[in-house]
Amino acid sequence: MRETLVLNASFEPLSTVSLRRAVVLVLQDKAVVEQAHPRLRVRASAIDLPLPRVIRLRRYVRVPFRRQAPWSRRGVLVRDRHRCAYCGRRATTVDHVVPRSRGGGDTWLNTVASCAEDNHRKADRTPEQAGMTLLSTPFEPTPADALLLALGSARQGELPLGAPLLP
């Protein structure tokens, strides 16, 4: 299902919502379409609406400041662009650099995307103990970076891995 970016009334990014939720917000007159898909429309007996890519809320929503993006397995895979941190192939799992059994936690700086083979080969050891090197060091994305990565705005090759997406 396609994702739609939701902007606050002040044009700052808030989150992403499903296409269905975006259409409902526009139909309820709570949001306006800022950018639509070219040539795609939502049609019914009484409505004809461009398919929204980006919507803006009509009223400002106060959001508490968040210093960190929440950690998630999906977030780690998206941050690392689904590339294994050990060999560079397609990653399907998340590996803990310091294993959880040795005190490593589910944090941005302790987890990397990994292919199943390398995850199994590393097992319950640190990369040094397993004789494996990380191709890139894990980093903690800002909430705005995480949102842009989730939307697919950071295409592979545009920025080096680990570079901040926003100033």
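Up top is the structure.
These figures come from a predicted structure and were not determined experimentally.

## Notes on the pairing of strand S2 (residues 13-18)
- Judged from the 5 bridges that link them, strand S1 (residues 3-7) and S2 form a sheet pairing that is antiparallel. Across the sheet, the residue bridging to threonine 4 is valine 17, located in S2.
- Hairpin connection, S1 to S2: the antiparallel pair is bridged by 5 residues, and phenylalanine 11 has positive phi, about 70 degrees.

## Some thoughts on helix H1 (residues 19-27)
- All buried positions along H1 are accounted for by Leu19, Ala22, Val23, Leu25 and Val26. Seen along its axis, H1 keeps its buried residues to an arc of 160 degrees; they face one direction.
- Summarising the contacts, the buried residues of H1 are in contact with S1, S2, strand S3 (31-43) and strand S4 (48-57).
- Phi for aspartate 29, located one or two positions after H1, is positive at around 65 degrees.

## Some thoughts on the pattern of salt bridges
- Under the counting rule described, the total for this entry stands at 9 salt bridges.
- For the salt bridge of glutamate 34 with arginine 56, the shortest nitrogen-to-oxygen distance reads 2.7 Å. Highlighted residues: glutamate 34 in strand S3 and arginine 56 in strand S4, separated in sequence by 22 residues.
- The class of glutamate 34 is partly exposed, set by a relative accessible area of 35%.
- Residue arginine 41 pairs with aspartate 48 through a salt bridge whose shortest N-O separation is 2.9 Å.
- Taking relative accessible area as the criterion, arginine 41 reaches 41% and is therefore assigned partly exposed.
- Salt bridges sharing partners connect three or more residues here, namely Arg41, Arg43 and Asp48.

## Let's talk about unusual backbone geometry
- The phi torsion at phenylalanine 11 lies on the positive side, around 70 degrees, for a residue other than glycine.
- As for its position among the elements, phenylalanine 11 is in the loop between S1 and S2.
- Positive phi, close to 70 degrees, is recorded for arginine 39, a residue that is not glycine.
- Along the chain, the position of arginine 39 falls in strand S3.

## Observations concerning the pairing of S1
- With 4 of 5 residues buried, S1 is to be regarded as a mostly interior element.
- Where S1 and S4 come together, 3 bridges link them in parallel fashion. What sits directly across from valine 6, in S4, is isoleucine 55.

## Focus: the packing of aromatic side chains
- The full count for this structure, using the stated rule, is 0 aromatic pairs.
- Lying across the ring of phenylalanine 139, arginine 79 places its NZ or CZ 5.5 Å from the centre.

## Looking at the sheet that holds S1
- The sheet built from 4 strands is open, its strands ordered S2-S1-S4-S3 with mixed pairing. A single partner strand is all that each edge strand has here, and the edge strands are S2 and S3. Strand-to-strand twist across the sheet, computed as the mean angle between neighbouring axes with direction ignored, equals 35 degrees.
- The strands touched by H1 are S1, S2, S3 and S4; relative to S4, the strand with the most contacts, the crossing angle is about 90 degrees.

## With respect to the nonpolar core
- Val6, Val17, Ala22, Val23, Leu25, Val26, Ala31, Leu49, Ile55 and Leu57 together form the largest nonpolar core, which totals 10 residues.
- At the level of elements, H1 and S4 are the ones that each hand at least two residues to this core.
- Element by element, the count of residues in this core is highest for H1, at 4 residues.
- Leaving out residues up to four positions away in the same chain, leucine 57 has contacts with Val6, Leu7, Asn8, Ala9, Leu14, Lys30 and Ala31.
- One finds Cys84, Ala85, Val97 and Ala130 within the second-largest nonpolar core, a separate group that totals 8 residues.

About the criteria used
Residues numbered from 1 in each chain as written. Predicted model: local features only at pLDDT ≥ 70, side-chain atom pairs only at ≥ 80, totals over all residues. Heavy atoms only, no water. Pairing = 2+ DSSP bridges. Helix = DSSP H or I, 4+ residues; strand = E, 2+ residues; numbered from the N terminus. Buried < 20%, exposed > 50% of the residue type's maximum accessible area, 1.4 Å probe, protein only. Arc of directions from axis to C-beta. Contact = heavy atoms within 4.5 Å. Salt bridge = Lys/Arg side-chain N within 4 Å of Asp/Glu carboxyl O. Phe/Tyr/Trp six-rings, centres within 6.5 Å; stacked < 30°, edge-to-face > 60°. Lys NZ or Arg CZ within 6 Å of the ring centre and 35° of its normal. Axes fitted to C-alpha atoms, helices over the stretch in contact; angles between N-to-C directions. Core = buried A, V, L, I, M, F, W, Y, C linked by side-chain atoms within 4.5 Å.

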